Amino acid sequence: MGEPGGGDTLGRLRRGNRQLRKHNAATDLWISIQGGVYDVTDWVKDHPGGDLPLLSLAGQDATDAFVAYHPASAWAHLGRFFVGYLDGYCVTDVSRDYRRLVAEFSKSGLFDEKGRVALLTICFMLFLLVTAVSGVLLSESALVHALCGGMTGFLWIQSGWIGHDSGHYRIVRNPRLNRVAQIISGNCLTGLSIGWWKRNHNAHHIACNSLDFDPDLQHMPLFAVSSKFFASMTSYFYERKMNFDAVARFLIGYQHWTFYPVMCFARINLLAQSTLLLLSKKNVPNRWQEITGVAVFWIWYPLLVSCLPNWGERVTFVVASLAVTGIQHVQFCLNHFSSSVYVGPPQGNDWFEKQTMGTLDISCSPWMDWFHGGLQFQVEHHLFPRLPRCHLRKVSPFVRELCKKHKLPYNIASFWEANAMTVRTLRAAALQARDFSNPVPKNLVWEAVNTHG
């Protein structure tokens, strides 16, 4: 790779780490990539991955995150942001091996070989939709109607896999067709904005298992995976304080009992969060496409439910569709709830370590990949988010070996063990929440300094 900025006078300037760290605000945002320093202040609003990844890594080295999220062609666009070189730039052994692994996978074509997973999933989704609608309209059986509700929930699960894939890479080569696939599979069929999902999911990936930066751990007042939430910390994603009050203490005190029932209806929260973002003043690319797609869902789904003969069957249909989708919500929680957590923003110089320590793989036979969508290899997915999920099993031995070489944990458990670990984590925090003799921590700085993992 040639030197960014060429022989320009600006390119000969040297930037120290201390100077880089000063540029860590939305109005003055620098990052370092492979020793080069880049001013991306004006690029934040146009960044395809949203503003949160850049804001989270502002003022520090972001090479590993850049390598993880961008194809080789993205390097050519860095020149226009170049402001100098980072003085004393060095790479850790872990990062060097990680980047080498990314380069090897790229050279072998793994990032481009998407297989037929997307096509088969879309065909299966069409089959589920036609079957569910036909069952409601053509059958008079209450049992058939309930099964159609469950089938609709299973349709939403498949849509979740496709939406997930299309947010990380193009499932269709043509950009416009890829966008159409996103809107139809996500917004139209499930009511969830793909724009909301990308914003939420990218924040999760960048700040994996950070209690105050990762939205996938921020479920107050219903759930808390750590007693550190009892300090009423601020969510940098939702931009509000997560209060640990009497209501939160009560609900969290029984969270290991309420976890599975709540997961059956977790979809409602996602629908609400999606709608709130679209109606907010935040920057949402193609907002009207997103709103139109969501509106389509709120037309066809209530209309289908209204075709059922009575309110009892209508409620059963909706509950069945929500409860079946709850399986997917549980799966996502298993990958992170029992893993190591930390307080504060992500650090670019320990990308590999944070991603491996904050995730848990689910072990299963290859014939069960369909159940987990291939994403049971969550460690691999977090390290290589652009890698099609059909290849995650293939690369897992390389990740395991790299973890072993650098004495890092490679967390893996069976589906049932992962459920038990999650419940134990929730129970431990619940018992701490119930303990009124222990004062709620007030000094968040002290908590952050003494955070492990």
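Residues numbered from 1 in each chain as written. Predicted model: local features only at pLDDT ≥ 70, side-chain atom pairs only at ≥ 80, totals over all residues. Heavy atoms only, no water.

(A) Representation of the packing of helix α13 (residues 311-334) against helix α18 (residues 415-434) in the model. Between α13 and α18, whose axes approach to 10 Å, the crossing angle comes to 75°. Judged by the angle between their axes, α13 and α18 are roughly perpendicular. Contacts from V330, Q331, C333 and L334 of α13 reach α18 at F415, A418, N419 and T422. Each residue belonging to the contact of α13 with α18 can be placed in one class, and the counts come to five nonpolar, three polar and no charged. (Axes fitted to C-alpha atoms, helices over the stretch in contact; angles between N-to-C directions. Helix = DSSP H or I, 4+ residues; strand = E, 2+ residues; numbered from the N terminus. Parallel < 35°, antiparallel > 145°, perpendicular 65-115°, else oblique. Contact = heavy atoms within 4.5 Å. Nonpolar A, V, L, I, M, F, W, Y, C, P; charged D, E, K, R; others polar.)

(B) Representation of the UniProt feature "domain: Cytochrome b5 heme-binding" (unreviewed entry) in the protein within the structure. Residues annotated by UniProt as "domain: Cytochrome b5 heme-binding" (unreviewed entry) correspond here to residues 19-87. The span residues 19-87 is 23% helix and 25% strand, and its two end C-alpha atoms sit 10 Å from each other. (UniProt positions renumbered as here; feature names shortened; annotations may be inferred.)

(C) Region of interest: the UniProt feature "transmembrane region" (unreviewed entry) in the protein. Here, UniProt's "transmembrane region" (unreviewed entry) annotation points to residues 117-137 and 143-163. What you have in residues 143-163 is 100% helix and 0% strand, and the ends, taken at the C-alpha atoms, are 30 Å apart.

(D) Quick peek at the pairing of strand β5 (residues 82-86). Most of β5 is tucked away, with five of its five residues classed as buried. Here three bridges tie strand β4 (residues 36-39) to β5, and the two strands are oriented antiparallel to one another. Within the sheet, the bridge partner assigned to V37 lies in β5 and is G84. (Buried < 20%, exposed > 50% of the residue type's maximum accessible area, 1.4 Å probe, protein only. Pairing = 2+ DSSP bridges.)

(E) Molecular detail of unusual backbone geometry. P221 follows M220 through a cis peptide bond whose omega is 5°. The phi dihedral of N209 falls on the positive side, at around 65°, and the residue is not glycine. Mapped onto the elements, N209 comes out in the loop between α8 (194-206) and β6 (234-235). If you check the backbone angles, K407 has positive phi at about 55° while not being a glycine. When you line up the elements, K407 lands in the loop between α17 (392-405) and β9 (412-414). Residue class for K407 comes out exposed when judged on its relative accessible area of 76%.

(F) Here's a closer look at the pattern of salt bridges. Applying the stated criterion across every chain, the model contains 12 salt bridges. Across the pair R96 and D93 runs a salt bridge whose closest N-O atoms are separated by 3.0 Å. With R96 and D93 both in helix α4 (residues 93-107) and three residues apart, this pair spans about one turn of that helix. For D93, a relative accessible area of 51% puts it in the exposed group. Here K405 and D97 are joined by a salt bridge, their closest N and O atoms 2.8 Å apart. With K405 in helix α17 and D97 in helix α4, this pair connects stretches of sequence that are 308 residues apart. Through salt bridges that share partners, D61, D64 and R99 make up one connected network. (Salt bridge = Lys/Arg side-chain N within 4 Å of Asp/Glu carboxyl O.)

(G) Expanded view of helix α10 (residues 255-263). For α10, every residue scored as buried is listed here: Q255, H256, F259 and M263. End-on, the buried residues of α10 take up no more than an arc of 85°, which puts them together on one face. (Arc of directions from axis to C-beta.)

(H) Layout of the side chain of T359. Looking at where T359 falls in the secondary structure, it is placed in the loop between α14 (351-357) and β8 (361-363). The buried category is assigned to T359, whose relative accessible area is 0%. At a separation of 2.7 Å, a polar atom in the side chain of T359 contacts the main-chain carbonyl oxygen of Q355. Beyond its immediate sequence surroundings of up to four residues, T359 is in contact with C208, N335, H336, S339, Q378, V379, H382 and N411. (Polar contact = N/O pair within 3.5 Å; in protein donor to acceptor, adjacent residues only side chain to side chain.)

(I) Expanded view of the environment of A74. With respect to the helices and strands, the residue A74 is situated in the loop between α3 (63-69) and β5. A74 sits in the buried class, given a relative accessible area of 13%. On a C-alpha basis, the gap between A74 and M263 in space is 39 Å, while along the polypeptide they are 189 residues apart.

(J) Up close: the layout of surface pockets. As a volume, the second largest pocket reaches approximately 970 Å³. Taken together, 44 residues make up the lining of the second largest pocket; nearest its centre are W196, D216, L270, H329 and F332. Listing elements by their share of the lining of the second largest pocket, those giving two or more residues are α6 (142-168), α7 (175-190), α8, α10, α11 (266-279), α13 and α16 (378-383). Considering each element in turn, the lining of the second largest pocket owes the most residues, six residues, to α8. (1 Å grid on protein atoms, 1.4 Å probe; cavity = no way out; pocket = protein on both sides within 12 Å on 5 of 7 lines; lining within 4 Å. Points joined across faces, edges and corners; volume = space filled by probe spheres on them.)

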